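Now for the letters of each chain:
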Amino acid sequence: MARRPDLMPLYYRGFRYHRRGEQPADHPEITPYNVPVFSNVDGNVSVFYVREISAVAMRDLGIDYTAEEVDALDTFRATAYRLQFETRLEPGEASFLNNLTTLHARSEFDDWDEADKKRLMLRLWLDAHRDARPSVREIHIYENKDGASGIDPVPGRLPAVAQYHVPAPRPRVAAE
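One structure accompanies this document, and this report is about it. For clarity, every value in this text was computed on a predicted model and none was experimentally measured. (Residues numbered from 1 in each chain as written. Predicted model: local features only at pLDDT ≥ 70, side-chain atom pairs only at ≥ 80, totals over all residues. Heavy atoms only, no water.)

### Re the overall build of the protein
Item 1. Helix and strand counts for the protein stand at three helices and two strands.
Item 2. Secondary structure elements in the protein, listed N-terminal to C-terminal, are α-β-β-α-α.
Item 3. Expressed as a percentage of the 176 residues in the protein, the buried residues total 30%.
Item 4. For the protein, the exposed surface amounts to about 12500 Å²; the carbon and sulfur share of it is 55%. (Helix = DSSP H or I, 4+ residues; strand = E, 2+ residues; numbered from the N terminus. Buried < 20%, exposed > 50% of the residue type's maximum accessible area, 1.4 Å probe, protein only. Areas by Shrake-Rupley, 256 points an atom, 1.4 Å probe, with all protein chains shown as cover.)

In C-alpha cells:
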C-alpha cells in the first residue's frame with residue numbers, strides 16, 4: 001500500500017480462482033466470484049494469493065488479464081519476494097500457519113529414489129469456527145457441503161497435485 005496505493009482497489013476486488021477439482025459436485029470448478037487478495041472485516045486484514053491457480057482460471061475462462069492487472073500481480077509477487085523469509089523443517093517437525101494471514105510456499109527439492117527415504121508431507125486443514133476470526137466468505141475458495149472451509153473426501157477422487165507450483169506461463173495481456 002505504501003509503494004503502490006493505486007493497485008489496492010484491484011487487490012480488494014481480486015481474481016477468479018480454479019478449484020482444481022476439489023469442489024463439491026454441485027459447485028463450479030472455477031469460482032463464480034472474484035477472490036480478494038486483501039480483505040478487511042472489523043479490522044482483521046486477510047490475504048489470499050496463489051497466482052498460478054488464478055491464471056489457470058483465467059485461461060480456462062478465456063479471459064485475459066488487463067495490463068493493470070498484470071502490473072498488480074507482478075508488483076504483489078515482487079513485494080512478497082522482497083519481504084520473504086525462509087525456514088527449513090527437519091524430520092519430525094511440523095509447521096502451523098494461518099492461511100488468512102501468512103503467505104507460504106514450498107521450494108523445490110530433490111527427493112530420494114529409495115522408497116524408505118522419500119519425503120512424506122501431509123496437508124492438514126484445521127478450521128476454527130468462522131466467527132473466531134472474521135473474514136469475507138469469498139476468500140474461502142474450498143467449501144465443503146456444509147459451507148465450512150475445506151474439502152470433503154470423495155471416494156475414488158485423489159487430492160489435487162501441486163502442479164500449479166510449476167511457473168505458469170505469463171498471463172496474456174489484453175490489447176488496449
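### Looking at helix α3 (residues 67–83)
Item 1. Taking 1.5 Å per residue as the helical rise, α3 with its 17 residues ought to reach 24 Å, and the 24 Å between its terminal C-alpha atoms agrees with that figure.
Item 2. All of the buried residues in α3 are Glu69, Val70, Ala72, Leu73, Thr75 and Phe76.
Item 3. Check the buried side of α3 and you find it contacts α1 (8–13), β1 (38–41), β2 (44–47) and α2 (51–61). (Expected span 1.5 Å × (residues − 1). Contact = heavy atoms within 4.5 Å.)

### Considering the pairing of β1
Item 1. In the sheet, β1 pairs with β2 via four bridges, with the strands oriented antiparallel. Its bridge partner being in β2, Phe38 is matched across the sheet by Val47.
Item 2. Between the antiparallel neighbours β1 and β2 lie two residues, among them Asp42 with a positive phi of about 55°. (Pairing = 2+ DSSP bridges.)

### Notes on the environment of Val45
Item 1. Relative to the helices and strands, Val45 resides in strand β2.
Item 2. Judged by relative accessible area, Val45 falls into the partly exposed class, the value being 38%.
Item 3. The spacing of Val45 and Ser135 is 90 residues in sequence and 8.0 Å in space, taken between C-alpha atoms.
Item 4. With near-sequence residues (within four places) excluded, Val45 lies in contact with Phe38, Ser39, Asn40, Leu100, Thr101 and Arg133.

### Here we look at the pattern of salt bridges
Item 1. A full pass over the atoms with the stated rule returns seven salt bridges.
Item 2. Glu22 serves as the salt-bridge partner of Arg20, at 3.8 Å between the closest nitrogen and oxygen. Across the pair, exposure class does not vary: Arg20 and Glu22 are buried alike.
Item 3. One salt-bridge network, in which partners are shared between bridges, spans Arg4, Asp6 and Asp71. (Salt bridge = Lys/Arg side-chain N within 4 Å of Asp/Glu carboxyl O.)

### Structural notes on α2
Item 1. If you check which residues of α2 are buried, you get Arg51, Glu52, Ile53, Ser54, Ala55, Ala57 and Met58.
Item 2. Turning to α2, the residues buried within the fold contact α3.
Item 3. Gly62, located one to two residues past α2, shows a positive phi value of around 70°.

### A look at the nonpolar core
Item 1. Counting 16 residues, the largest nonpolar core has Tyr11, Val37, Phe38, Tyr65 and Phe76 as the members making the most contacts within it.
Item 2. Put simply, the parts of the chain that give this core at least two residues each are α1, α2 and α3.
Item 3. By residue number, the principal contributor to this core is α3, which donates four residues.
Item 4. Those residues in contact with Val37, other than ones at most four positions away along the chain, are Tyr11, Gly14, Phe15, Ser46, Val47, Phe48, Tyr49 and Phe76.
Item 5. If you look at the next biggest cluster of nonpolar residues, it comprises nine residues, including Val50, Leu100, Ile139 and Ile141. (Core = buried A, V, L, I, M, F, W, Y, C linked by side-chain atoms within 4.5 Å.)

### Side note on a negative patch on the surface
Item 1. Together, Glu108, Asp110, Asp111, Asp113, Glu114 and Asp116 make up a negatively charged patch on the protein surface.
Item 2. Tracing the chain through its elements places Glu114 in the segment after α3. (Patch = residues over 30% accessible without salt bridge, like charges linked within 9 Å, V, L, I, M, F, W, Y side chains within 5 Å. Lys, Arg positive; Asp, Glu negative; His and termini not counted. Charge placed at Lys NZ, Arg CZ, Asp CG, Glu CD.)

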